[in-house]
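Analysis of the macromolecular model
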Amino acid sequence: MLNSLLTLLLLLPFGPSPAIVGTPPNAEATRIAAGVQDFVNQYRQKKRLQPLQRNAALDALAQEHADRMAAGKVSFSHTGFDNRASRARKATHVSTVGENLYYTTDENEVARETVDGWIHSPHHNENLLGRFRICGIGVAINAKGHYFVVQIYGG
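Every value quoted in this text rests on a predicted model; they were computed, and no experiment measured them.

**Some remarks on the pairing of strand β4 (residues 147–154)**
Note on strand geometry: in a regular strand, side chains alternate between the two faces of the sheet. Counting buried positions along β4 gives eight out of eight residues, so the element sits mostly inside the fold. Of the two faces of β4, both are covered, the one formed by Tyr147, Val149, Gln151 and Tyr153 as well as the one formed by Phe148, Val150, Ile152 and Gly154. Sheet topology note: the strand β3 (residues 134–141)/β4 ladder contains eight bridges and is antiparallel. Residue pairing in the sheet places Ile137 in a bridge with Gln151 of β4.

**A word on the side chain of Asn127**
Assignment of secondary structure puts Asn127 in helix α6 (residues 122–128). For Asn127, a relative accessible area of 9% gives the class buried. The contact partners of Asn127, leaving out residues within four places of it in the chain, are Gly98, Glu99, Asn100, Phe132 and Tyr153.

**Re the packing of helix α2 (residues 27–46) against helix α5 (residues 110–119)**
Relative to each other, α2 and α5 sit at 40 degrees, their axes nearing to 8 Å. Comparing their axes, α5 and α2 come out oblique. As α2 runs across α5, the sense of the crossing is right-handed. From α2, Ile32, Gly35, Val36, Phe39, Val40 and Tyr43 reach across to α5, where they touch Val110, Ala111, Arg112, Thr114, Val115, Trp118 and Ile119. When grouped by side-chain class, the residues that make up the contact of α2 with α5 number 10 nonpolar, two polar and one charged.

Basis of the calculations
- Residues numbered from 1 in each chain as written.
- Predicted model: local features only at pLDDT ≥ 70, side-chain atom pairs only at ≥ 80, totals over all residues.
- Heavy atoms only, no water.
- Buried < 20%, exposed > 50% of the residue type's maximum accessible area, 1.4 Å probe, protein only.
- Helix = DSSP H or I, 4+ residues; strand = E, 2+ residues; numbered from the N terminus.
- Pairing = 2+ DSSP bridges.
- Contact = heavy atoms within 4.5 Å.
- Axes fitted to C-alpha atoms, helices over the stretch in contact; angles between N-to-C directions.
- Parallel < 35°, antiparallel > 145°, perpendicular 65-115°, else oblique.
- Left-handed = near helix turned anticlockwise from the far one by under 90°.
- Nonpolar A, V, L, I, M, F, W, Y, C, P; charged D, E, K, R; others polar.

Here is the structure:
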């Protein structure tokens, strides 16, 4: 019994986790990702475009990048995009890949704020309205309550 307890204690992480969410994300991150998906598809529908379908492989890539930014392993940037795009092409057999990022410290209406920000940014809006058919969404929240949202597009 004592050996089992010691083993268990050695396996537990010490200190706060650098990112509250991981793969799979927690309930709040899942809710935000679903909201981003809904708002993006509502916007695309208004523009007479087909909705984007969630793809598990792209979700995993987006979540990985969101987690790495939230943990401070990479800066809030598109660093490593070429690698993610290559992995996305291999996993999904798409030819075109795009990526949008969003960062906020405001916990209110993160999904709506994210998509509104992208709509009002010409480059991000280009991705929203691009000839994509699938997407993946990752949301990570670090210990400071900062939100990192990643959407990867494939077409």
